[in-house]
Amino acid sequence: MLLFCFLVLQNLHAQHIPSIKAAQLTEWKNAENDTLYVINFWASWCAPCVAEIPSFLALHQKYAPQKVKVILVDCDFNRDLETKVKPFIRQKNIEGLVVHMAEKDPNTWVDLVSTEWSGALPGTLLVCKSKGIHQFFEKKFEDDELELAVQAVWKNK
Amino acid sequence: MKKVFALLTVVFAALTLSFQTIAPEAYGVGDKAADFNLKNVDGKNVSLAGIPNAKGYIVVFTCNHCPYAQAYEQRIIDLHKKYAPLGYPVVAINPNDKVAQPDDSFEKMQERAKDKAYPFVYLYDESQEVAHAFGATRTPHVYLLDNTKTVRYIGAIDDDSENPEKVKVKYLENAVDALLQGKPVEVTSTRAIGCSIKWTKK
């Protein structure tokens, strides 16, 4: 009975993290719409990534009505999804923003994000094809740098 | 006119310098790497030229704390055991700032090298000059050098960091094997995910 309750509770808490493959990156980059995709690549063990997550959440909350879509692409190992990533996502209140990169060989998708990216985490792509926006940042955003970077490309849109 | 020229030279030099500090991948494939002299975990300094019987070098920027570096640790040990006798030893370099990442201090490097019985040199790039010169950005980040210290391959060790048993393409081994056989390296660079190098805050 206890085990049953435990399993039910576990289930209630378990959230689904969509997995993506390389093709999804191309889809976002080529989307024919007027949405700015802010695609951040992170991992739960990456200290600078974790430090900048609140600014992505704040960006989402403030700019979602202005067609800014924040996507946090988790690059943790598959084996850490249940034990580390899901608890982390709950704790940071970023359910709904996170997808998991299921592609195993980064060499097949890092260049799709940007040829400027060496693969070091964190990295962030701002992209909106119809407005000709494609900007990559291999860095951790400090303070209001993320919002300023978005404002720089996404004003009066 | 001379003054203008001198001024332009200064501006150009300043621009070049500022680009150098941000430019990733300072060495590309085909570039000749400068030798260096860094402290090994045994306390002795090591330079490439001082490594005996080397036909080339597998230079790996790596560290203690990064899960990707840890995932590759055994594979780096195995690489050295396989290729050092063939003339391609692993030269591991930790470029991380110890303030930004205390787990990557020289003392912690010594502990890890001892615990895991590293068969290769594990060097401390405290000034980060070597990482800057190579253009390393993450750990692990591999540079394969031939006998003239020319960079022949840059990138990942293989195509599956998480599961060594599921690896399909051993990018680095393929490159070393090609050099050993005197053949051209087919895949000369690959991308990999890794931990960003923890640069010293200035």
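Summary of the structure given here. (Residues numbered from 1 in each chain as written. Chains lettered and ligands numbered in written order. Predicted model: local features only at pLDDT ≥ 70, side-chain atom pairs only at ≥ 80, totals over all residues.)

Quick look at the overall build of chain B
- Looking only at helices and strands, one finds 5 helices and 9 strands in chain B.
- Scanning chain B from its N terminus toward the C terminus, one meets helices and strands in the order α-β-β-β-α-β-α-β-α-β-β-β-α-β.
- Considering only residue pairs separated by 6 or more positions, chain B has 73% of its internal contacts joining residues 24 or more positions apart. (Helix = DSSP H or I, 4+ residues; strand = E, 2+ residues; numbered from the N terminus. Contact = placed C-beta atoms within 7 Å.)

Thoughts on unusual backbone geometry
- Each neighbour pair has its own omega, and for Leu121(A) with Pro122(A) the value is -5 degrees, a cis peptide bond.
- Among the structural elements, Pro122(A) can be located in the loop between strand E5 (120-121) and strand E6 (123-128).
- A cis amide bond links Thr139(B) with the next residue in sequence, Pro140(B), at an omega value of -10 degrees.
- Here Pro140(B) shows up in the loop between strand E6 (138-139) and strand E7 (141-145).
- Even without being a glycine, Gln128(B) presents a positive backbone phi close to 65 degrees.
- Structurally, the position occupied by Gln128(B) is in the loop between strand E5 (121-124) and helix H4 (129-134).
- Residue Gln128(B) is classed as partly exposed on the basis of its 16 C-beta neighbours within 10 Å.
- Even without being glycine, Lys149(B) reaches a positive phi, approximately 65 degrees.
- Tracing the chain through its elements places Lys149(B) in the loop between E7 and strand E8 (151-155). (Buried ≥ 20, exposed ≤ 12 C-beta atoms within 10 Å, placed from the backbone.)

Thoughts on the interface of chain A and chain B
- Taken residue by residue, the interface counts 17 residues in chain A and 16 residues in chain B.
- Of the residues contributing to the side of chain A that touches chain B, the split by class is 9 nonpolar, 4 polar and 4 charged.
- Pairing of E5(A) with strand E9 (residues 194-196) of chain B, which is carried by 2 bridges, proceeds in the parallel orientation. Bridge pairing in E9(B) links Ala120(A) to Gly194(B). (Nonpolar A, V, L, I, M, F, W, Y, C, P; charged D, E, K, R; others polar. Pairing = 2+ DSSP bridges.)

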